[in-house]
Structure formats: C-alpha cells, structure tokens
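Here's the letter readout for the chains.
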Amino acid sequence: RVPAYSPYAIAEHAVAIMLALNRNLIRAHHRVMDLNFSLDGLVGFDMNGKTVGIIGTGKIGSVLARILYGFGCRILAHDIEQNKDLTERYGVEFTSCESLCEQSDIITLHVPLTEETKYLVNKRCIDKMKRGVMLINTSRGGLVNTKDAINALKVGQIGSLGLDVYEEEEGLF
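What you see is a predicted model, and the numbers here were worked out from it, not measured in a lab.

What follows concerns the overall build of the chain. For the chain, the helix and strand inventory stands at seven helices and six strands. For the chain, the succession of helices and strands along the chain, N to C, is α-α-β-α-β-α-β-α-β-α-β-α-β. The C-alpha atoms of the chain give a radius of gyration of 16 Å, which matches the 16 Å a tight globule of 173 residues would have. In terms of its C-alpha atoms, the chain occupies a principal-axis envelope of roughly 50 × 40 × 35 Å. When each of the 173 residues of the chain is scored for burial, the buried share is 41%. In the chain, the share of contacts with a sequence separation of at least 24, taken over all contacts with a separation of at least 6, comes to 64%. Computing the positive centroid from 19 side-chain charges and the negative centroid from 21, the chain places the two 3 Å apart.

Here it is as structure tokens:
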C-alpha cells in the first residue's frame, strides 16, 4: 500500500495490463525471440465497444474511467458513492456489483481492503461473471480469493487474470 502513488500511474498501469493480456504481448514477445512471426492465437479484441466494470471510483477508478472513455468503452461502475461527474462527463453507469459482474467483458478492482471487501471476488461472484471475463486487480491482493480465481481460470470462466497484487504478498517485499 503506497498512498503517494500517482492515481494516473496506477490507472495507466491497469490499462497496460488489460492491453498486454488482450493482445497476448508476452506470448508474442517470446515468439519473436524465436523468430516465429505467426499471429495464431495472438489476435485479441477491440477495446472499443467492450463493457468495462470498475469496482471503486475513487481517485484511481475515476482516472481509469476517463482513459477507458477514450477507448470507446461502455463503462459500468460500482461504489458506495456515485460520482455524478463521471456519469455526466463519461457516461459511467453506476449499478450493483452483481449487475456489473453479469455485464462486463473486463472487470477492474480499485477499492481498499476492508472486512467488507475481503474476497470480494470469490467463487459466488466469479460464477456471475461472463464466461471468459478479463479480471484486473491493481488494488489489494485480498480482494480476490486466489484459489477461486485459479479454478475459474482452469475452466475458462475467467479468460485472463491480471494481478499486480497478490493476497499472500505481505512480507515478500
């Protein structure tokens, strides 16, 4: 937890993870290093027109909404307080967490870790998500039940998982 981080840096990092996963940049890099220039399995999707769910629209989530608006995404949000400015300027639709999970192609987490948010993303929540959803967490590791997320990855319920944080990371760094 580093409260002095720039909200722009974190929001941009979340988008970088989305793009890297979407366009399979790591796999593409390895192929190029092997002089393999095949595009098979590397072509992602257009961000334009996709529905992105932002859970938490504080400083970071608000910046992220602005960036995703520029991509042409439909933006859903869930927060304890609705930010009317985001709705007016960027068309952000505030909804329940359940509705956000059901509709979003990409879900990104930007809430603090509290007793209420611990394991916010768990099997019950994941089962409500679109099959193949992209899940991004640049907030706190404890928001995601790692075992549930791994099981969902194995069966394709989660299509890609971008974690900048991990629930067991305390004491590692």
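From this point on, the discussion continues.
Side chains that differ in sign of charge can pair as their charged atoms come close. If you walk through the whole model with that rule in mind, you get six salt bridges. Residues R23 and D46 are paired through a salt bridge, measuring 3.7 Å at the closest nitrogen-oxygen approach. With R23 in the loop between α1 (7-22) and α2 (25-33) and D46 in the loop between α2 and β1 (51-55), the pair connects residues that are 23 residues apart, well separated along the chain. For R23, a relative accessible area of 34% gives the class partly exposed. Where K130 meets D105, a salt bridge forms, and the shortest distance between an N and an O atom there is 2.9 Å. Taken as a pair, K130 in the loop between α6 (123-128) and β5 (133-137) and D105 in the loop between α5 (97-103) and β4 (106-109) lie far apart in primary sequence, 25 residues in all.

Of note, the phi angle at N24 is positive, near 55 degrees, even though the residue is not glycine. Within the secondary structure layout, N24 lies in the loop between α1 and α2.

Attention now moves to the sheet that holds strand β6 (residues 158-163). One open sheet accounts for six strands, arranged β3-β2-β1-β4-β5-β6; its pairing is parallel. Two strands in the sheet have a free side with no partner beyond their single neighbour: β3 (93-94) and β6. Relative to β6, β5 is paired through five bridges, and the arrangement is parallel. When the sheet's bridge partners are listed, V133 is paired in β6 with I158.

The next thing to look at is the packing of α1 against helix α3 (residues 59-71). Their axes nearest at 8 Å, the elements α1 and α3 cross at an angle of 50 degrees. Taken together, the axes of α1 and α3 lie oblique to each other. Considering only the axes of α1 and α3, their crossing is right-handed. Of α3, the residues touching α1 (which contributes P7, Y8, I10, A11, E12, A14, V15, M18 and L19) are K59, I60, V63, L64, R66, I67, L68 and F71.

The next point concerns the pairing of β1. Burial of β1 is extensive: five of the five residues sit out of reach of the surface. Burial along β1 is two-sided: T51, G53 and I55 and V52 and I54, pointing in opposite directions, are all buried. Where β1 meets strand β2 (residues 74-78), five bridges bridge the pair, whose relative direction is parallel. Across the sheet, V52 pairs through a bridge with I75, a residue of β2. Taken together, β1, α3 and β2 constitute a β-α-β crossover, and its handedness is right-handed.

About the cut-offs
Residues numbered from 1 in each chain as written. Predicted model: local features only at pLDDT ≥ 70, side-chain atom pairs only at ≥ 80, totals over all residues. Heavy atoms only, no water. Helix = DSSP H or I, 4+ residues; strand = E, 2+ residues; numbered from the N terminus. Rg over C-alpha atoms; globule rule 2.2 N^0.38 Å. Buried < 20%, exposed > 50% of the residue type's maximum accessible area, 1.4 Å probe, protein only. Contact = heavy atoms within 4.5 Å. Lys, Arg positive; Asp, Glu negative; His and termini not counted. Charge placed at Lys NZ, Arg CZ, Asp CG, Glu CD. Salt bridge = Lys/Arg side-chain N within 4 Å of Asp/Glu carboxyl O. Pairing = 2+ DSSP bridges. Axes fitted to C-alpha atoms, helices over the stretch in contact; angles between N-to-C directions. Parallel < 35°, antiparallel > 145°, perpendicular 65-115°, else oblique. Left-handed = near helix turned anticlockwise from the far one by under 90°. Right-handed = clockwise from strand over helix to strand, strands pointing away.

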